[in-house]
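# Survey of secondary and tertiary structure
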Amino acid sequence: MVDQAERLREIVKRNKTTNSSRVIAITSGKGGVGKTNLAVNLSLALIKLGSRVLLVDADLGLANVDVMLGLVPRYNLGQVITGQCNINEIITVGPLGLRIIASGSADYKMANLSDRSIDFCLKQLNDIEKDTDIMIVDTGAGISRNVLKFVLAAGEAIVVTTPEPTAITDAYGVIKVIANSNPKTPIWLVVNMVKDEDEGQQVVERLQAVCNKFLGIELINIGFIPFDNQVSKAVKEQQPFLIGKPRSVAAQQVTQVAKNLMNRSANNIGTQTFFQRLFGGNFN
Ligand SMILES: Nc1ncnc2c1ncn2[C@@H]1O[C@H](COP(=O)(O)OP(=O)(O)OP(=O)(O)O)[C@@H](O)[C@H]1O
Ligand SMILES: [Mg+2]
């Protein structure tokens, strides 16, 4: 009997597409460094700059993106593939028309779905991707197997750290795992909660030096975000600071991060879509 994973890989292989979008996973070593805040506000900044954005909440811990936006997605991606819900039911629409999908675990099981139903489901997911320029994937902290699956399927990673020594050490740990799994993955660095630019610059230089020396990879800084009280205020109000506090320093800096990201070319990782890579486990 062909096992489930093998069967899913076969179906994914058959499901040809040509149009894939740029997918960027946001990750970190240490928890609580600001990934979800960045994921939500960066997505909105990218929309303001004219991109069609899909935000994937891949944090399996406590619900995050939805709490930040005051939205409640009912189903996740895993439930589509098991046939518990329809594809249209997993998209929640947030401010500025931002589309949000909760992923559930990356260890997808197909239950009793027929090949035809999975085919259909993948086609619909690929259609969603066709209508998308950039996908932002918010992951949990620490590089678990699950997080790594999302990062490798995405093809690009933003690693977030704060200037705290523990956060920097853990950021290096995550970068090392990503680089060892696929050295071609572009890794962008964002230093959050900095006191000033000098502090951010010191973190960048420290991390760049070790990445270059021990991993032989180039770590590219795409911005600093200052510690800003408006961020936690916005979280409490369940309204992203990019919308509620557009003149805050945090909003301005996240917009700069979005622009820096747009100025960098996408990682061309082939013709498969993100969903195909995720379900098919074909990461090379
Ligand atoms: N630039 C900032 N200035 C001030 N506070 C911030 C900033 N960025 C994030 N925070 C605060 O830090 C806390 C953690 O933020 P967030 O939930 O985005 O982190 P996370 O990395 O997603 O956490 P987790 O690892 O639990 O998923 C929040 O309370 C948020 O208000
Ligand atoms: Mg989070």
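For the structure, see preceding data.
Residues numbered from 1 in each chain as written. Chains lettered and ligands numbered in written order. Predicted model: local features only at pLDDT ≥ 70, side-chain atom pairs only at ≥ 80, totals over all residues.

## Examining the overall build of the protein chain
Within the protein chain, the secondary structure is distributed over 12 helices and 8 strands. Here the protein chain, with 284 residues, has 48% of them falling under the buried criterion. Excluding contacts between residues fewer than 6 apart, the proportion of contacts in the protein chain whose partners are at least 24 apart in sequence is 78%. (Helix = DSSP H or I, 4+ residues; strand = E, 2+ residues; numbered from the N terminus. Buried ≥ 20, exposed ≤ 12 C-beta atoms within 10 Å, placed from the backbone. Contact = placed C-beta atoms within 7 Å.)

## Here's the deal with the site of ligand 1
Taken together, the neighbourhood of ligand 1 is formed by 21 residues, with Gly31, Gly34, Lys35, Thr36 and Asn37 sitting nearest. Elements supplying a minimum of two residues to the shell around ligand 1: α2 (35-48), β7 (187-194) and α9 (229-237). Per-class residue counts for the shell around ligand 1 are 8 nonpolar, 10 polar and 3 charged. (Near = placed C-beta within 6 Å. Nonpolar A, V, L, I, M, F, W, Y, C, P; charged D, E, K, R; others polar.)

## Topic: the environment of isoleucine 168
Following the sequence through the fold, isoleucine 168 ends up in helix α7 (residues 165-181). In this structure isoleucine 168 comes out as buried when scored by C-beta crowding, with 20 C-beta atoms within 10 Å. Sequence separation of isoleucine 168 and arginine 206 is 38 residues, and the distance between their C-alpha atoms is 8.8 Å. Once you skip the residues sitting within four places of it in the chain, isoleucine 168 turns out to touch Thr161, Val203, Arg206 and Leu207.

## What about the sheet that holds strand β8 (residues 220-226)?
The strands making up a sheet associate through hydrogen bonds between their backbones, and the pairing can be parallel or antiparallel. Reading across the sheet, the 8 strands line up as β3-β4-β2-β5-β1-β6-β7-β8 and stay open at both edges, with mixed pairing between neighbours. Every other strand in the sheet has two partners, leaving β3 (91-93) and β8 as the edge strands with one partner each. Going from strand to strand, the sheet's axes swing by 25 degrees on average, the running direction of each strand aside. Pairing geometry for β7 and β8, over 6 bridges, is parallel. When the bridges of β8 are listed, valine 191 appears paired with phenylalanine 224. Strands β6 (155-161), β7 and β8 of the sheet are contacted by helix α8 (residues 197-215), whose axis makes an angle of about 145 degrees with β7. (Pairing = 2+ DSSP bridges. Axes fitted to C-alpha atoms, helices over the stretch in contact; angles between N-to-C directions.)

## Considerations on the packing of α7 against α8
Between α7 and α8, the shortest axis-to-axis distance is 11 Å and the interhelical angle comes to 35 degrees. As α7 packs across α8, the resulting crossing turns out to be right-handed. Contact residues: Ile168, Ala171, Tyr172, Ile175, Lys176 and Ala179 in α7; Val203, Arg206, Leu207, Val210, Cys211 and Leu215 in α8. Along the lines of polarity and charge, the residues of the contact of α7 with α8 split into 10 nonpolar, no polar and 2 charged. (Left-handed = near helix turned anticlockwise from the far one by under 90°.)

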